[in-house]
Structures are given as structure tokens and as C-alpha cells.
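Chains, contacts and geometry: an overview
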Amino acid sequence: MQTELFTFQTLEAAAQCIRSGELVAFPTETVYGLGANAFDEQAVKKVYQVKGRPSDNPLIVHVSDEAMLRSFIASWPPLASLLIEAFWPGPLTLIFPVKKNCFPSQVTGGLATVGVRMPQNNCALTLIQKANVPLVGPSANTSGKPSPTTAAHVYHDLHGKIAGIIDDGSTAIGIESTVLDLTGALPCVLRPGAVTIEQLEAVIGQVTVDAHLLHEQQAPKAPGMKYKHYAPNAQVLIVENTQASWQRALQWAQKQSEAVGFFISQDLRPFLPKDCLFFSFGENTVEQATKYLFAGLRALDEQATLILVPAFSEKGLGVAYMNRLKKAANQTFLEY
Ligand code: TXA
Ligand code: MG
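Now for a quick tour of the structure. (Residues numbered from 1 in each chain as written. Chains lettered and ligands numbered in written order. Predicted model: local features only at pLDDT ≥ 70, side-chain atom pairs only at ≥ 80, totals over all residues. Heavy atoms only, no water.)

Structural notes on the packing of helix α4 (residues 80-87) against helix α8 (residues 197-204)
Under the convention used in this document: Under this scheme, a helix contributes an axis fitted over its contacting stretch, all axes are lines through C-alpha atoms, and angles between N-to-C directions fall in the 0 to 180 degree range. Helix and strand assignments follow DSSP, with helices taken as H or I runs no shorter than four residues and strands as E runs no shorter than two, numbered in order from the N terminus. Roughly parallel refers to an angle under 35 degrees, roughly antiparallel to one over 145, roughly perpendicular to one between 65 and 115, and oblique to any angle outside these ranges. In this scheme, a crossing is called left-handed if the near helix is turned counterclockwise away from the far one by less than a right angle; it is called right-handed if the turn is clockwise. Only heavy atoms enter the contact rule, under which two residues are in contact if any of them lie within 4.5 Å.
Two numbers describe how α4 lies on α8: the axes approach to 10 Å, and their chain directions differ by 125 degrees. For the element pair α4 / α8, the angle class is oblique. Every pair of crossing elements has a handedness; the one defined by α4 and α8 is right-handed. Within the contact between the two elements, α4 uses Leu 82, Leu 83, Ala 86 and Phe 87 and α8 uses Gln 199, Leu 200, Val 203 and Ile 204.

Below, the structure is given as C-alpha cells:
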């Protein structure tokens, strides 16, 4: 199959593909999603096939307005209005009770709930409006690989397997949405993302965090969180983000027989030797590191077999950044 490249100007053709049961990858503010008509069982089955995704891992449904959401949920959790008002469109997925037999069972993984979000991206919202159906949208990568943050990443993983990719440049945030379950007694964060716990609590009061995020040995409530995610082929090692610690890391790297890649901020660039493999994420902030984490891992993975990545403190966006980084590194910190 020929994979066509679309842009904002050619969204009508992309929407036509969706309506005829094809898969089209689309940009969002978080990562690129693999779009298909959420009501079309054959199309949803194809999504699992091309990603190589485990079938017990439910999909997020993307909507362009609240009326679309209300058409398929079974009841309205009291906090939903405040959350939607504050954070949609944006990087927050809400878990709602879903109407029976509304979606093919593959969308919900057989659960009585569905994850829904309204992405903050013009291409995505226009595509959904033009297709006039909600779209499933798992990250458009091969299952287990870092999520794609450019159209080129999607092309690398899925070309020849999907009808098209809508190119809208690099995604703004760089990691997947926060997932918040609204179906229990207290709202519960199942996956940390760019909407932080502090931001949620400012709007709706107390929020809990799924036990697996606090204790590794607990099974996660979001089925997808149990898989080894975001991992390149290379071994990722986490480095404390101080100049002294990077200097020691550099000495350590020079003694390795394997190729070492550095994911570093711009200000550390002058300390690296000329022939060093590196990917710079710009300013030394957790926002920048988050935006380029997956792009950096993918790029360095082409040549390095060891990749060094800085830790950031687990506050605000740092919670989500460290969640993804620890998965990619299989919890491994560099020991000198
Ligand atoms: O930012 C994002 O959310 C991106 C973009 C493309 O929108 N999408 C994304 O989808 O990350 P995916 O499929 O890679 O991750 C969906 C996560 C998984 O961890 C899944 O288990 C969880 O959401 N999830 C989906 N529906 C659920 C449900 N009904 N109950 C609990 N967890 C659910
Ligand atoms: Mg994913």
C-alpha cells in the first residue's frame, strides 16, 4: 500500500480515507495518533494489526466537540463539566462509562468504560469534523517503540501499512496525554501527562494516583501502562542533571567499547568532545526535555547502543517526564 502524505490543505482527502475505513495518522499536541473511524470494527482491527498492539489494551477515542462525546457515553460524571471547561481541547484523556454496544469491543478492550479526549490541534479537530465520526487514536508507532512526534517518525514505523499521514511538523508537548479515570469514587490519574496533578486539583479538588505509579509491583488500571513502552533498542541510562555528574558520565563514556549517545541541553554541548554522538533538546528545562525525549531516543538509537538521558525532579511536568524516561531506561540509573 502506498502511504500518502497529507497537509492541512488536503484534509478533505484524508477524511475521505477515514470514512472509507482506511487508517490515517494525524498530529495532536502530544504525539501523532493512528486515526480510524471508532465505529468501524474492521478499521479498528487494522489499527491493532499494523501497530502489533496487544488486544487487551483499549484505545482513546478523539472527539471534536462535546455533542459527539455525549452521543456515546452512558452517564455524565459530575466533575466532567469542570474538567472539560478547564482543559479541553488539551492533553487530558477522561475515562467515562460507555453506552453498551456503541463501539466495537476492540475500542474499549471489553471494558464498560471508554477513554476520550479533544486534542488541541487544528488538523486533528478539522479531520474529525470532516470525517464526522469519533476517531480512535493510539500513538502511531510500532507497539513498544517511542511514540512519534513528527510525521517522519510515523513514516519510519508504518509506511506501506497505512493509507496516509497528515504532516503538521513537530508536536508541541512530546509525550502522551494525562489519563484521568472519572468512574470511581475519587478521580484517579492512570497515566501522568502534561496536565499535572496540581493543575487537576486546582480545578476539582482531591485527585488520587493509580497505585502502580507509586509502587512498581502493583498492576496498573490503564492496561497499556503495564507494557514495556517507549524503549529504543539501545540501553537507556538516567543521569543526574548537574554539570559535575555529566562530566563524570563523559569520563565513563570514554571508557566504554560501545557507542554512547548523549541527550543533553544546549549549555552542555561545549563540554562534549567533537566526535561525540549527541541530540540537544535546547534550553535546560523539563518542558524542552519532554518535547524532544522521544525524538532524541529515536535519533540516537540509529547509532548508539547506550543512551544517557538527564533526570528532572518529579514535580509538575517532571512526574510525566520521569515516568516515560524510567520506562525507556527500565529504571536504570548510570553508576560510575
Ligand atoms: O496523547 C495521547 O493520549 C495520544 C494521542 C495520539 O492522542 N494517544 C495515546 O494512545 O497515547 P495510546 O493508545 O498509546 O494510549 C492509551 C492509554 C493506554 O495506556 C490505555 O491502556 C489507556 O490509555 N486507556 C484507554 N482506554 C482506557 C479505559 N477505558 N480504561 C483505562 N485505561 C484506558
Ligand atoms: Mg502508545
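Examining the side chain of Ser 147
Inclusion rule: Buried residues are those whose accessible area, probed at 1.4 Å on protein chains only, stays under 20% of the maximum for their type, while exposed residues exceed 50% and partly exposed ones sit between those limits. Within 3.5 Å is the distance limit for a polar contact, defined as a pair of N or O atoms, with the added protein rule that one can donate a hydrogen and the other accept it, and that residues adjacent in sequence qualify only through two side-chain atoms.
Mapping Ser 147 onto the fold places it in the loop between β7 (135-136) and α7 (151-158). With relative accessibility at 1%, the residue Ser 147 sits in the buried group. One polar contact links Ser 147 to Glu 176, side chain to side chain, over a distance of 2.5 Å.

Examining the sheet that holds strand β2 (residues 24-26)
So the rule is basically this: Two strands qualify as a pair provided that DSSP identifies no fewer than 2 bridges between them.
A sheet is described by the order of its strands in space; here eleven strands give the open sequence β1-β8-β2-β3-β7-β4-β6-β5-β9-β10-β11, paired in mixed fashion. The open sheet has two edge strands with one neighbour each: β1 (4-6) and β11 (208-209). Pairing between strand β3 (residues 33-37) and β7: two bridges, direction antiparallel. Among the inter-strand pairings, Asn 37 is bridged to a residue of β7, identified as Leu 135. Together, β3 and β7 form the strand contacts of helix α2 (residues 41-51), whose direction differs from that of β3 by roughly 155 degrees.

Some points on the pairing of strand β9 (residues 178-181)
On β9, burial covers both faces: Thr 178 and Leu 180 on one face and Val 179 and Asp 181 on the other are all buried. For strand β5 (residues 92-97) and β9, the ladder comprises four bridges, and the chain directions are parallel. Bridging from a neighbouring strand, Thr 93 pairs with Val 179 of β9. For β9 and strand β10 (residues 188-191), the ladder comprises three bridges, and the chain directions are antiparallel. Across the sheet, residue Asp 181 finds its bridge partner in β10, namely Cys 188.

Regarding the packing of helix α1 (residues 11-19) against helix α6 (residues 122-131)
Under the convention used in this document: We call Asp, Glu, Lys and Arg charged. Ala, Val, Leu, Ile, Met, Phe, Trp, Tyr, Cys and Pro are nonpolar, and the rest, Gly among them, are polar.
At their nearest, the axes of α1 and α6 sit 9 Å apart, and the two run at 55 degrees to each other. Here α1 is positioned oblique relative to α6, judged by the angle of their axes. Here the hand of the crossing between α1 and α6 comes out right-handed. Residues Leu 11, Glu 12, Ala 14, Ala 15, Ile 18 and Arg 19 of α1 form the contact with α6, whose own contacting residues are Cys 123, Thr 126, Leu 127, Lys 130 and Ala 131. Its residues assigned to classes, the contact of α1 with α6 shows seven nonpolar, one polar and three charged.

A few points about the packing of aromatic side chains
Under the convention used in this document: For this analysis, a ring pair means two rings from Phe, Tyr or Trp (six-membered ring only for Trp) whose centres lie within 6.5 Å, classed as stacked if their planes differ by under 30 degrees, edge-to-face if by over 60, and tilted for the remaining angles.
Per the counting criterion, the structure on display carries nine aromatic pairs. Taking 5.9 Å as the distance between ring centres and 25 degrees as the angle between the ring planes, the aromatic pair formed by Phe 263 and Phe 279 counts as stacked. In this pair, Phe 263 is assigned in strand β13 (residues 260-264) and Phe 279 in strand β14 (residues 277-280), connecting sequence segments 16 residues apart. We classify Phe 263 as buried; its relative accessible area is 0%. Both rings, one in Phe 281 and one in Phe 312, keep their centres 6.5 Å apart while their planes meet at 70 degrees; by these two values the pair is edge-to-face. On the criterion of sequence distance, the pair formed by Phe 281 in the loop between β14 and α11 (286-301) and Phe 312 in the loop between β15 (306-310) and α12 (317-328) is long-range, its members being 31 residues apart. The same class applies to Phe 281 and to Phe 312, which are both buried. Taken together through their ring pairs, the aromatic side chains of Phe 263, Phe 279, Phe 281, Tyr 292, Phe 312 and Tyr 321 make up a single cluster.

Concerning α12
One full turn of an α-helix is made of 3.6 residues, so residues set three or four places apart face in the same direction. For clarity, the threshold we go by: What a helix is expected to span follows from its residue count: subtract one and scale by 1.5 Å.
The end-to-end C-alpha distance of α12, which contains twelve residues, comes to 17 Å, matching closely the 16 Å that a straight helix rising 1.5 Å per residue would cover. Tucked inside the fold, the buried residues of α12 contact β10, α9 (211-214), β12 (235-239), β13, α11 and β15. Positive phi appears at Asn 330, one or two residues downstream of α12, with a value of about 50 degrees.

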